[in-house]
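Listed below are the residues making up each chain.
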Amino acid sequence: MFAKGIGTPKNCAVATKYLKQIAESSPSISRKLRSGYRRYKSGQYEAALRNYMSAAEAGIELAQSNAAWLLERGNCLNLDKENCVRASVRYWKASTRQGNMEAGLHVGDFHYFGKLGVVLQPKQLQATKNGSSSGVVGNEKSKLTSSNDGSGLKSSSNSDPLSTWWPFMIEYITQPDVWIARSRASLVQMVRTMMRWGKKKQQRKKQNTASTNDNAGVIESSNQNVADEQELSSEKYKSCKADQNAADGTAATACLSDVKRQQHDDANKDSTLRNKTSNSNNIRSTSQSFERDFFSAAQYYRSAAEMGSPRGNYNLGFMYEWGLGLKQDFPLAKRHYDLAADNNPQAELAVQLTLTSMKLHERLVKLCNWWREWNSSNDHTSADSSSSL
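Model, not experiment: these values are computed from the prediction.

A. Region of the structure containing the overall build of the protein. Each helix and strand in the protein was counted, giving 17 helices and zero strands. Here the protein, with 389 residues, has 30% of them falling under the buried criterion. Counting only contacts in the protein whose residues sit at least 6 apart along the sequence, the fraction spanning at least 24 positions is 58%. Accessible area of the protein: about 24900 Å², with a carbon and sulfur share of 55%.

So, in structure tokens, the structure goes:
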């Protein structure tokens, strides 16, 4: 009746709400949700995930958020890590579209922390390492200058000397698991590099020993004809002789030299292939650095804030304060901080501390801007005086 406007004003939102309740209370969907919950409580997480995914594909918001949460916790159903993350984000996005503000915060966190984004190519990764900043911070600096807030306004982080490193220091302080995970990955990479170096050293040592033995054997050999006869009796030579129908020893010797040359070329090809494979593995292991997408993160935080999420407002205020994916705007940052305190009275103390630090931050930015303007005016004055002389 609400959908068609029969006996009541037409209201699609109310009609969708009632139809959704009917769909979620159907016997088949209810059975899958109950089965998923029982299996989750018994520790059968992958079986629970299958039930929730089946209900999620039917558009059930509860199943979508539960499936996304299980996928985010590492229950991937034989998927690799990247596809597991993408599947989790897909369900979080579907849940967000149905009005789940916590799901929007999860998607924003994925984009903010670089868990889902464009994988840097080896050239980009090398350029990042050679830049003024190391790690992800260099990518964040380039992202700040290219992203906008939907109104065509570029980020103005160049006037803020702290925006390139201080927000990420806060991340390391407030989330120690981030830098612990990165330190562990760096340690594993260093150990693997040392192990590869040790293997290469052992291989070079064996090759040197083999070449020394070969030279000694050549020098100590008093009769080359004996060695030729031993080669003539080998299986490869016999097959080569049979294929070419060699009638004398000269043709057979030429055939054997061709076989040796082919074996040497094959060995060189195998060595080149192994080197290429090891280099590609090194590139894959070092290039799994995801670019942070602050602009997309801000959009999902904004959608969560519009639903009344205190954390969405606080995150938006932080991004406006530091110009992360948005144009740096201290009044807008204060507005979102205040909204976070209004929506959650328990966060009032944290918001007040943040506002105090933001005032100091704003004064520092103004001081830096004044210093730049003063230097530029002095440069123009000196240039004019030198031109007049």
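B. Layout of the pattern of salt bridges. For the coordinates displayed, the defined rule picks out six salt bridges. With a shortest N-O distance of 3.2 Å, Arg-90 and Glu-57 are connected by a salt bridge. Within this pair, whereas Arg-90 is found in helix 5 (residues 81–97), its partner Glu-57 is found in the loop between helix 3 (45–56) and helix 4 (61–72), the two being separated by 33 residues in sequence. With relative accessibility at 46%, the residue Arg-90 sits in the partly exposed group. Taking relative accessible area as the criterion, Glu-57 reaches 48% and is therefore assigned partly exposed.

C. Quick look at a positive patch on the surface. Taken together, the side chains of Arg-31, Lys-32, Arg-34, Arg-38 and Arg-39 make up a positively charged region of the molecular surface. Mapped onto the elements, Lys-32 comes out in helix 2 (residues 27–41).

D. Region of the structure containing the state of the cysteines. Inspection of the entire model under this criterion finds one disulfide. Each sulfur in the disulfide pair Cys-76 and Cys-84 lies 2.2 Å from the other. The disulfide joining Cys-76 to Cys-84 has a torsion of about -80° about its S-S bond and is therefore left-handed. Of the two residues examined, Cys-76 and Cys-84, each falls in the buried class.

E. Spotlight on the packing of aromatic side chains. Evaluation of the coordinates by the stated rule reveals nine aromatic pairs. Seen in terms of ring centroids, Trp-370 and Trp-371 are 6.5 Å apart; in terms of plane orientation they differ by 50°. Their pairing is tilted. When its relative accessible area of 48% is taken as the criterion, Trp-370 is described as partly exposed. Residue classification places Trp-371 among the partly exposed positions, given a relative accessible area of 46%. Here the aromatic residues Tyr-40, Tyr-45 and Trp-69 are joined through ring pairs into a cluster of three or more. Across from the ring centre of Tyr-91, 5.1 Å away, lies the NZ or CZ of Arg-90, which sits over that ring. Positioned above the aromatic ring of Phe-110 is the side chain of Lys-115, whose terminal nitrogen or guanidinium carbon lies 5.6 Å from the ring centre.

F. Main features of unusual backbone geometry. One non-glycine residue, Leu-77, adopts positive backbone phi at about 55°. Along the polypeptide, Leu-77 turns up in the loop between helix 4 and helix 5. We classify Leu-77 as partly exposed; its relative accessible area is 22%. You will see that Asn-78, though not glycine, has its phi angle at about 65°, which is positive. Note that Asn-78 resides in the loop between helix 4 and helix 5. Asn-78 gets classed as exposed once you look at its relative accessible area, which sits at 80%.

G. Structural detail: helix 2. When the terminal C-alpha atoms of helix 2 are compared, their 21 Å separation across 15 residues agrees well with the 21 Å that a helix rising 1.5 Å per residue should span. Among the residues of helix 2, those classed as buried are Ile-29, Ser-30, Leu-33, Ser-35 and Gly-36. Elements in contact with the buried residues of helix 2: helix 1 (12–24), helix 3 and helix 4. Where helix 2 terminates, the next one or two residues include Gly-43, which has phi positive at roughly 90°.

H. Structural context of the nonpolar core. Tyr-112, Tyr-301, Leu-316, Met-319, Leu-324 and Tyr-337 are the most contacted members of the largest nonpolar core, which has 25 residues in total. Secondary-structure elements contributing two or more residues to this core are helix 6 (101–112), helix 14 (294–306), helix 15 (310–322), helix 16 (330–343) and helix 17 (348–388). Among the elements that take part in this core, helix 14 stands out by supplying six residues, more than any other. Dropping the residues within four chain positions of it, Tyr-337 is found in contact with Asn-313, Tyr-314, Gly-317, Phe-318, Glu-321, Val-351, Thr-354, Leu-355 and Met-358. Counting residues in each nonpolar core, the second largest holds 24 residues, with Ala-63, Leu-70, Cys-84 and Tyr-91 among its members.

I. Structural detail: the packing of helix 3 against helix 4. One way to put it is that helix 3 packs onto helix 4 with a least axis distance of 8 Å and a crossing angle of 145°. In this structure, the crossing between helix 3 and helix 4 has a hand that is left-handed. Here Tyr-45, Ala-48, Leu-49, Tyr-52, Met-53, Ala-55 and Ala-56 of helix 3 come into contact with helix 4, specifically with Ala-63, Gln-64, Asn-66, Ala-67, Leu-70 and Leu-71. Looking at the contact of helix 3 with helix 4 residue by residue, the classes come out as 11 nonpolar, two polar and no charged.

J. Structural context of a nonpolar patch on the surface. Nonpolar side chains collect at one region of the surface, where Leu-187, Met-190, Val-191, Met-194 and Met-195 lie side by side and expose about 500 Å² of accessible area between them. Locating Met-190 in the fold gives a position in helix 10 (residues 176–220). For Met-190, a relative accessible area of 46% translates into the label partly exposed.

Rules used in this analysis
- Residues numbered from 1 in each chain as written.
- Predicted model: local features only at pLDDT ≥ 70, side-chain atom pairs only at ≥ 80, totals over all residues.
- Heavy atoms only, no water.
- Helix = DSSP H or I, 4+ residues; strand = E, 2+ residues; numbered from the N terminus.
- Buried < 20%, exposed > 50% of the residue type's maximum accessible area, 1.4 Å probe, protein only.
- Contact = heavy atoms within 4.5 Å.
- Areas by Shrake-Rupley, 256 points an atom, 1.4 Å probe, with all protein chains shown as cover.
- Salt bridge = Lys/Arg side-chain N within 4 Å of Asp/Glu carboxyl O.
- Patch = residues over 30% accessible without salt bridge, like charges linked within 9 Å, V, L, I, M, F, W, Y side chains within 5 Å.
- Lys, Arg positive; Asp, Glu negative; His and termini not counted.
- Charge placed at Lys NZ, Arg CZ, Asp CG, Glu CD.
- Disulfide = S-S within 2.5 Å.
- Phe/Tyr/Trp six-rings, centres within 6.5 Å; stacked < 30°, edge-to-face > 60°.
- Lys NZ or Arg CZ within 6 Å of the ring centre and 35° of its normal.
- Expected span 1.5 Å × (residues − 1).
- Core = buried A, V, L, I, M, F, W, Y, C linked by side-chain atoms within 4.5 Å.
- Axes fitted to C-alpha atoms, helices over the stretch in contact; angles between N-to-C directions.
- Left-handed = near helix turned anticlockwise from the far one by under 90°.
- Nonpolar A, V, L, I, M, F, W, Y, C, P; charged D, E, K, R; others polar.

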